[in-house]
Amino acid sequence: MKVKSISVWAVTFLAVLIGAGGVWAFVHEGKDAAIGAALPKLDLAKNPYILRESWWQGELKSGEMKLIKHQLFQRNDYWFWIGSSNPDAEVSIHIYDAKGNLVDEESFEKGPVAGARVTPKASGAYFVRIKVVKGPAGPSGWAVIYAFR
Amino acid sequence: MRWLRKSGYLSAGVFFLVILWSGYSSFSAFGEDAPKKINLSQLKVELVQDVVIPIPQEIFASLDKLGQQSWRSQISGKKVKLDTNRARTALLFGMVVADGFIAVQAEDRDEVKRVGRQVLELAGALGVKSAVNEHALSIIEGANAGDWSEVKHELDRTQETVIRTMEEMRDQDFATLVSIGGWLGGTRTLANLMSADYEEEGAELLHQPDLLADIIRRYQEMSSKSRPGPLFKQVDETLVSLGSLMKKGKDGKINKDSVVMIQQLTVGVTDAVYGK
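**Topic: the overall build of chain A**
Turning to step 1, where the next piece is worked out: Helix and strand counts for chain A come out as two helices and nine strands.
Turning to step 2, where the next piece is worked out: In sequence order, the secondary structure elements of chain A are arranged as α-α-β-β-β-β-β-β-β-β-β.
Turning to step 3, where the next piece is worked out: With the model as given, the accessible surface of chain A reaches about 7,000 Å², and the carbon-plus-sulfur share is 62%.

Structure representation (structure tokens):
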């Protein structure tokens, strides 16, 4: 009886471990940080932005930047957020049109998270410029998410 | 008493940290001045290669701001006919999800539920049913409750789950086809609406030459085994033909002739994929 009980616990423990492994595969600390920064804009009671499920990710060293090209549509209102997987990093995010003009309506930077809002004046390709302003010497993971309304 | 004093110190400490944090935040908001202009052609910055294709809802949200649209007229009610061609099934999956977004715009419960069932059927054929099951049920439940916001989220989650699951199964090409199917479905709907009732500002949403170039690049990078036969030749030709039509003319507009041609091309390819 005792043996049976132990094996049930062992199987349960293993199942939890395997399950946790599966969940872990989808966890990205940078994305979690970005979602944390986005939450106030996703409040259902306040004409919320619709958060897209698709997102970008990669790695950057301190001082490095990257550009993400993305199609935006006129009359929509967009927020982009970046989150770093390193809590000591300081990141920034800004939006440029196809001619390279800064088009942020507003933006903020709070250490490992930053956000920028844009209401495109024309439909077409825009560039999201992300940068690790300060951070550890090695590369840090980043994730960019966006929402629209 | 000691506890009270301790918690008092604690509160003061937390208060001090909050002040420090907000000061730091405000400071860092001005810490890195973004250049007002960047030279995109000379900038030696790596471009992120991943392309996120907008969902039809992004176009529909913009169209709604122009006024009432006849969404109900865009419900095709097309039935899915499955065959052994998984590449076609992947393309069809994206198109069915796009149909779901249209049904949500029309707030048509029965159509949304029908789409939910079709999503399950197609997911089964793609071998990803277990990953999608929960989302499909949420779509049907959301439609029953008239919770359109939730249904929109679930449609996006459904498509993303299928794409991620197929990528994990090393079916990258089929994941690409799901995205392209969704984009074609949304573009067809926009072109349908604008060719029936042309509005310059609505037609402007078809200005997507860079996105289309990325879509064509991804499509043509796919293995030829993933785009077999005349159906996929038609998809290829349609995408290439759309290239010149989705650019603005000298007057800065997408004119009605271009809209009508986009409509004909996208309806043609949709009918072919569904197996008219």
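**Section: helix α2 (residues 29-38) of chain A**
All names here are of chain A.
Turning to step 1, where the next piece is worked out: All of the buried residues along α2 are Gly30, Lys31, Ala34, Ala37 and Ala38. Seen along its axis, α2 keeps its buried residues to an arc of 120 degrees; they face one direction.
Turning to step 2, where the next piece is worked out: Elements in contact with the buried residues of α2: β4 (78-84), β6 (106-110), β7 (113-118) and β9 (140-148).

**Considering the interface of chain A and chain B**
Turning to step 1, where the next piece is worked out: Across the boundary between the two partners, chain A contributes 46 residues, which contact 47 residues of chain B.
Turning to step 2, where the next piece is worked out: In total, about 4,300 Å² of surface goes out of reach between chain A and chain B, with carbon and sulfur atoms giving 55% of it.
Turning to step 3, where the next piece is worked out: Summed over the shared surface of chain A and chain B, the result is seven salt bridges.
Turning to step 4, where the next piece is worked out: With a closest N to O distance of 3.7 Å, B:Glu201 and A:Arg75 form a salt bridge.
Turning to step 5, where the next piece is worked out: At the boundary of chain A and chain B, one finds 28 residue pairs in polar contact (both at pLDDT 80 or more).
Turning to step 6, where the next piece is worked out: Listed by contribution, the elements that provide at least two residues to the side of chain A that touches chain B are β1 (50-51), β3 (65-72), β5 (90-96), β6, β8 (124-134) and β9 of chain A.
Turning to step 7, where the next piece is worked out: Of the residues forming the side of chain A that touches chain B, the biggest block, seven residues, is contributed by β3(A).
Turning to step 8, where the next piece is worked out: As defined by bridge partners, β3(A) adjoins strand β1 (residues 46-47) of chain B across two bridges and the pair is classed as parallel. Within β1(B), the position partnered with A:Lys66 by the bridge is B:Glu46.

**Considerations on the sheet that holds β5(A)**
Turning to step 1, where the next piece is worked out: Strand order in the open sheet formed by four strands is β5(A)-β8(A)-β3(A)-β1(B), and the pairing between neighbours is mixed. Either end of the sheet is taken by a strand with one partner, and the two such strands are β5 of chain A together with β1 of chain B.
Turning to step 2, where the next piece is worked out: As paired elements, β5(A) and β8(A) share seven bridges and run antiparallel to each other. Of the residues in β8(A), the one forming a bridge with A:Ser92 is A:Lys131.

**Focus: the pattern of salt bridges**
Turning to step 1, where the next piece is worked out: Applying the stated criterion to the full structure yields 25 salt bridges over all chains.
Turning to step 2, where the next piece is worked out: The salt bridge involving B:Arg217 is made with B:Glu221; its shortest N-O contact spans 3.6 Å. Note that B:Arg217 and B:Glu221 are positioned in helix α9 (residues 209-221) at a spacing of four residues, about one turn of the helix.
Turning to step 3, where the next piece is worked out: For B:Arg217, a relative accessible area of 29% translates into the label partly exposed.
Turning to step 4, where the next piece is worked out: A cluster of three or more residues bridged by salt bridges with shared partners is formed by A:Lys69, B:Asp210, B:Asp214, B:Arg217 and B:Glu221.

**Some thoughts on unusual backbone geometry**
Turning to step 1, where the next piece is worked out: Here the phi dihedral of A:Arg75 falls at roughly 80 degrees; this positive angle occurs in a residue that is not glycine.
Turning to step 2, where the next piece is worked out: Turning to its location among the elements, A:Arg75 is positioned in the loop between β3 and β4.
Turning to step 3, where the next piece is worked out: In this structure, B:Glu107 is a non-glycine residue whose phi angle is positive, near 50 degrees.
Turning to step 4, where the next piece is worked out: With respect to the helices and strands, the residue B:Glu107 is situated in the loop between α3 (86-105) and α4 (109-126).

**Re the pairing of β3(A)**
All names here are of chain A.
Turning to step 1, where the next piece is worked out: Among the eight residues in β3, seven count as buried, and that is most of the element.
Turning to step 2, where the next piece is worked out: Pairing of β3 with β8 involves eight bridges; the strand directions are antiparallel. Within the sheet, the bridge partner assigned to isoleucine 68 lies in β8 and is valine 128.

Reading the values: rules and limits
- Residues numbered from 1 in each chain as written.
- Chains lettered and ligands numbered in written order.
- Predicted model: local features only at pLDDT ≥ 70, side-chain atom pairs only at ≥ 80, totals over all residues.
- Heavy atoms only, no water.
- Helix = DSSP H or I, 4+ residues; strand = E, 2+ residues; numbered from the N terminus.
- Areas by Shrake-Rupley, 256 points an atom, 1.4 Å probe, with all protein chains shown as cover.
- Buried < 20%, exposed > 50% of the residue type's maximum accessible area, 1.4 Å probe, protein only.
- Arc of directions from axis to C-beta.
- Contact = heavy atoms within 4.5 Å.
- Buried area = accessible area lost by both parts, 1.4 Å probe.
- Salt bridge = Lys/Arg side-chain N within 4 Å of Asp/Glu carboxyl O.
- Polar contact = N/O pair within 3.5 Å; in protein donor to acceptor, adjacent residues only side chain to side chain.
- Pairing = 2+ DSSP bridges.

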